Amino acid sequence: MDKVGKTIKIIKYTLITSTIIGIIISIVVGGIFTKWVMEVIKDTEELNASNMYNLLEETSYVYTSEGELLEQVESSIHRIMVDYQSIPKHTIDAFVAIEDERFWEHIGIDPKRLLGVIWLNYKTGSRQGASTISQQLAKNIYLSPEQTYERKIKDIYYAIQLEKQLTKQQILEGYLNTVYFGRGAYGIKAASETYFNKDVKDLTIEESVLLA
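All figures in this text were calculated on a predicted structure; none of them were measured in a lab. (Residues numbered from 1 in each chain as written. Predicted model: local features only at pLDDT ≥ 70, side-chain atom pairs only at ≥ 80, totals over all residues. Heavy atoms only, no water.)

J.: What should I look at first to understand the overall build of the chain in this one?
T.: From N to C terminus, the chain includes eight helices and two strands. Element order for the chain, N to C, with α for helix and β for strand: α-β-β-α-α-α-α-α-α-α. A separation threshold of at least 6 residues defines the contact pool for the chain, and within that pool the share at least 24 residues apart is 58%. (Helix = DSSP H or I, 4+ residues; strand = E, 2+ residues; numbered from the N terminus. Contact = heavy atoms within 4.5 Å.)

This is how it looks when you write it as structure tokens:
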């Protein structure tokens, strides 16, 4: 066999060997990763979305025996719960467009957005997040804001559970009642009062976009 033939044979052998080794490593790493994910999920408390509002602190008020408002109790947290029907459609549309454009279609996670953000962060060195509204709701109520891979696995798991237990409208309602807007304002109603001195139902399109 001439030198060219031997070289080609060596190259083929090297490529085949490298491919086999790569496949074996991928299977092993994938198995280890899957096992780790399953362990994290196994150690995660079960989620019961029906009581999520019981875990939130709300603003307290003092009323007279006739029901007249006397004063607001001083607190570092200002939150007034509001139902989905009381929030203008353009406000909801603004948050979905900015925070999670495929919210109405996904099951709690958005693979397309996740892959896009991973690629963007790799190219630019930035640290943009890819959390959906469902994931953010899970984090706001059930998890801490710590930036760890374990917490990310948990908020993905919880987001999928929320999607199974609640309607999309209920998830949006929960998110808009829990998100922090600064200046002690938690939730869209408190933010409306804090920044625009008006009720949430009176928010304009421009004000909604600014809050989003």
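Let us keep going from here.
J.: Looking at this structure, how should I read the pattern of salt bridges?
T.: Any two side chains of opposite charge can pair, given that their charged atoms come close. A complete count under the given rule lists ten salt bridges for this structure. Aspartate 199 serves as the salt-bridge partner of lysine 189, at 2.4 Å between the closest nitrogen and oxygen. Of the two residues, lysine 189 is situated in helix α7 (residues 188-196) and aspartate 199 in the loop between α7 and α8 (205-211); the sequence distance between them amounts to ten residues. What makes aspartate 199 partly exposed here is its relative accessible area of 24%. Among the charged side chains, a salt-bridge network with shared partners connects Glu101, Arg102 and Asp110. (Salt bridge = Lys/Arg side-chain N within 4 Å of Asp/Glu carboxyl O. Buried < 20%, exposed > 50% of the residue type's maximum accessible area, 1.4 Å probe, protein only.)

J.: I would appreciate a short explanation of the nonpolar core in the present structure.
T.: Side chains of nonpolar character tend, in soluble globular proteins, to be buried together. Core analysis: the biggest nonpolar cluster contains 33 residues, and Leu162, Phe181 and Ile188 have the highest contact counts within it. Secondary structure elements with two or more residues in this core: α2 (89-99), α4 (133-142), α5 (149-165), α6 (168-178) and α7. With residues near it in sequence (within four places) discarded, isoleucine 188 still touches Val82, Ile87, Thr91, Phe95, Leu176, Phe181, Val200, Leu203 and Leu211. (Core = buried A, V, L, I, M, F, W, Y, C linked by side-chain atoms within 4.5 Å.)

J.: I keep staring at the packing of α4 against α5 and nothing clicks. Help me out?
T.: Packed helices, taken two at a time, are described by the angle their axes make and the gap between the axes. Interhelical geometry of α4 versus α5 gives an angle of 110° and a closest axis separation of 8 Å. Classed by the angle they form, the pair α4 and α5 counts as roughly perpendicular. When α4 is examined against α5, the residues Ser134, Gln135, Leu137, Ala138, Lys139 and Tyr142 are found in contact with a partner set consisting of Arg151, Lys152, Asp155, Ile156, Tyr158, Ala159, Leu162 and Glu163. (Axes fitted to C-alpha atoms, helices over the stretch in contact; angles between N-to-C directions. Parallel < 35°, antiparallel > 145°, perpendicular 65-115°, else oblique.)

J.: Would you mind going over a nonpolar patch on the surface with me for this structure?
T.: A surface patch of nonpolar side chains, about 290 Å² in accessible area, is lined by Ile16, Ile20 and Ile24. Considering the arrangement of structural elements, one finds isoleucine 16 in helix α1 (residues 3-42). (Patch = residues over 30% accessible without salt bridge, like charges linked within 9 Å, V, L, I, M, F, W, Y side chains within 5 Å. Areas by Shrake-Rupley, 256 points an atom, 1.4 Å probe, with all protein chains shown as cover.)

J.: Looking at this structure, I do not really get α7. What am I missing?
T.: A turn of α-helix holds 3.6 residues, and therefore any two residues three or four places apart point the same way. Among all positions in α7, only Ile188, Lys189, Ala190, Ala191 and Ser192 are buried. Check the buried side of α7 and you find it contacts α2, α6 and α8. Asparagine 197 sits one or two residues past α7 and shows a positive phi near 55°.

J.: Help me understand the side chain of asparagine 177 in this model?
T.: Mapping asparagine 177 onto the fold places it in helix α6. Given the relative accessible area of 0%, asparagine 177 is considered buried. From its side chain, asparagine 177 meets the backbone oxygen of valine 82 in a polar contact 2.9 Å long. Polar contacts involving the side chain of asparagine 177 include one to the main-chain carbonyl oxygen of glutamate 173, which spans 3.0 Å. Residue contacts for asparagine 177: discarding those within four places in its chain leaves Tyr53, Arg79, Ile80, Met81, Val82, Tyr186 and Gly187. (Polar contact = N/O pair within 3.5 Å; in protein donor to acceptor, adjacent residues only side chain to side chain.)

J.: What is the right way to look at the environment of proline 145 in this model?
T.: Note on placement: proline 145 falls in the loop between α4 and α5. Proline 145 sits in the exposed class, given a relative accessible area of 64%. Among all residues touching proline 145, those that are not within four sequence positions of it are Lys139 and Arg151.

J.: For this particular structure, what's the right way to read unusual backbone geometry?
T.: For residues other than glycine, phi is negative in most cases, and the peptide bonds are mostly trans. One non-glycine residue with positive phi stands out, namely arginine 183, at about 55°. As for its placement among the helices and strands, arginine 183 is situated in the loop between α6 and α7. The class of arginine 183 is exposed, set by a relative accessible area of 63%.

J.: In this structure, what is going on with the packing of α2 against α6? I would like to understand it.
T.: The interhelical angle for the contact between α2 and α6, taken along N-to-C directions, is 85°, at an axis separation of 12 Å. On the basis of their axis angle, the class for α2 and α6 is roughly perpendicular. Where α2 approaches α6, its residues Ile92, Phe95, Val96 and Glu99 are matched on the opposing element by Leu172, Tyr175 and Leu176. Split into classes, the residues belonging to the contact of α2 with α6 amount to six nonpolar, no polar and one charged. (Nonpolar A, V, L, I, M, F, W, Y, C, P; charged D, E, K, R; others polar.)

J.: Looking at this structure, I do not really get the packing of aromatic side chains. What am I missing?
T.: A ring pair, where both rings are aromatic, is described by two values, the distance of the centres and the angle of the planes. The full count for this structure, using the stated rule, is six aromatic pairs. On the basis of an interplanar angle of 75° and a centroid distance of 6.4 Å, the ring pair of phenylalanine 95 and tyrosine 175 is categorised as edge-to-face. Linking phenylalanine 95 in helix α2 with tyrosine 175 in helix α6, this pair joins segments that are 80 residues apart in sequence. Judged by relative accessible area, phenylalanine 95 falls into the buried class, the value being 1%. Overall, tyrosine 175 belongs to the buried group, its relative accessible area being 2%. Geometrically, the ring pair formed by tyrosine 142 and tyrosine 158 is tilted, given 5.5 Å between the ring centres and 55° between the ring planes. Taken together, the residues span a long stretch of sequence, with tyrosine 142 in helix α4 and tyrosine 158 in helix α5 at a distance of 16 residues. Using a relative accessible area of 21% as the deciding quantity, one classes tyrosine 142 as partly exposed. Above the ring of phenylalanine 103, the side-chain terminus of lysine 168 is found at 4.5 Å from the ring centroid. (Phe/Tyr/Trp six-rings, centres within 6.5 Å; stacked < 30°, edge-to-face > 60°. Lys NZ or Arg CZ within 6 Å of the ring centre and 35° of its normal.)

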